[in-house]
Amino acid sequence: MRIRRVRRADIPQIARLYYETVHRVNARDYGPEQIEIWAPQVYPDAFWQRRFRRHRVLVAEDDGAVTGFVELGRKGEIDCFYVHYAHQHRRIGGALMGRVEREARGRGNRRLRADVSITAEPFFRRIGFRIVRRQIKICRNRTFKQTVMEKRLRRTG
Ligand SMILES: CC(C)(COP(=O)(O)OP(=O)(O)OC[C@H]1O[C@@H](n2cnc3c(N)ncnc32)[C@H](O)[C@@H]1OP(=O)(O)O)[C@@H](O)C(=O)NCCC(=O)NCCS
C-alpha cells in the first residue's frame, strides 16, 4: 500500500468507493433513508473535481487500485474520509490519517477536527481524537447523529 496525492485519473474510482462504502459500511449505523440522502448516486467526476479544489486529498493505493481517500482542509478539517468497503480494518484508514497528521503539522495546523459519523467514532478515538460535542446535523429534513472530534497536534522540531 502507498499513500500519495490524488490524481485526476483516480476520480472515477473515488466516486464509486464513496457510494459503496456509504451503502455497505455506514448503512450498519444509519437508516436507508439517511443513506439515500448521504449517497443518492455515484456522483459525477465534476462533483469531486470541484470538492478537491478546496482540499488537499490523499489516496491509499494498492496495485493501482484506490483503497481509501481523505480530504484535508486548510485549517486542519478532515472532510470526506472513506476506505473501500472490501478493505476495511486493514489499517488503511490509520495509514491515511498518519500522513494527514504529518502534512497538517508540517504546514503549522494546531489541530485536526472532524464531524465524525457513528461508524467512525471508535476509529477516531483509537487514533487519539477527543470528543468536542455530539450534534445532530439536518440534511434534506433528515437528522444525522455526528460527533465533533479533534486532535491537538504537538509542534515538531
Ligand atoms: C473509519 C474508516 C475510514 C477507518 O478505516 P480502516 O482502514 O478500516 O481503519 P484501520 O484498519 O486503519 O483502523 C485503525 C484502528 O482503529 C480501530 N478501528 C477501526 N474501526 C473500528 C471500529 N468500527 N470499532 C472499533 N475499532 C475500530 C482498529 O481496531 C484499528 O486498530 P488496530 O490497528 O490497532 O487494530 C473506515 O471504517 C470507513 O471507511 N468507514 C466508513 C466511512 C466513514 O464513516 N468515514 C468517516 C466519516 S467521518
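See the structure above.
Residues numbered from 1 in each chain as written. Predicted model: local features only at pLDDT ≥ 70, side-chain atom pairs only at ≥ 80, totals over all residues. Heavy atoms only, no water.

(A) Main features of helix α3 (residues 45–53). Regarding α3, the residues found buried are W48, R51 and F52. Looking straight down α3, one finds that the buried residues subtend no more than 95° of arc, so they occupy a single side. Along its buried surface, α3 packs onto α1 (11–24), β2 (56–62), β3 (65–72) and β4 (77–83). (Buried < 20%, exposed > 50% of the residue type's maximum accessible area, 1.4 Å probe, protein only. Helix = DSSP H or I, 4+ residues; strand = E, 2+ residues; numbered from the N terminus. Arc of directions from axis to C-beta. Contact = heavy atoms within 4.5 Å.)

(B) Representation of the pattern of salt bridges within the structure. Evaluated as defined, the whole model comprises 17 salt bridges. For R99, the salt bridge goes to E103, with nearest N and O atoms at 3.0 Å. Within this pair, R99 and its partner E103 are both found in helix α4 (residues 92–106), separated by 4 residues, close to a single helical turn. The class for E103 is buried, based on a relative accessible area of 13%. The closest approach of N and O atoms between E101 and K151, which form a salt bridge, is 2.6 Å. Placement of the pair is E101 in helix α4 and K151 in strand β7 (residues 142–152), with a sequence separation of 50 residues. Via salt bridges that share partners, R2, R4, D10 and E61 belong to a single interconnected network. (Salt bridge = Lys/Arg side-chain N within 4 Å of Asp/Glu carboxyl O.)

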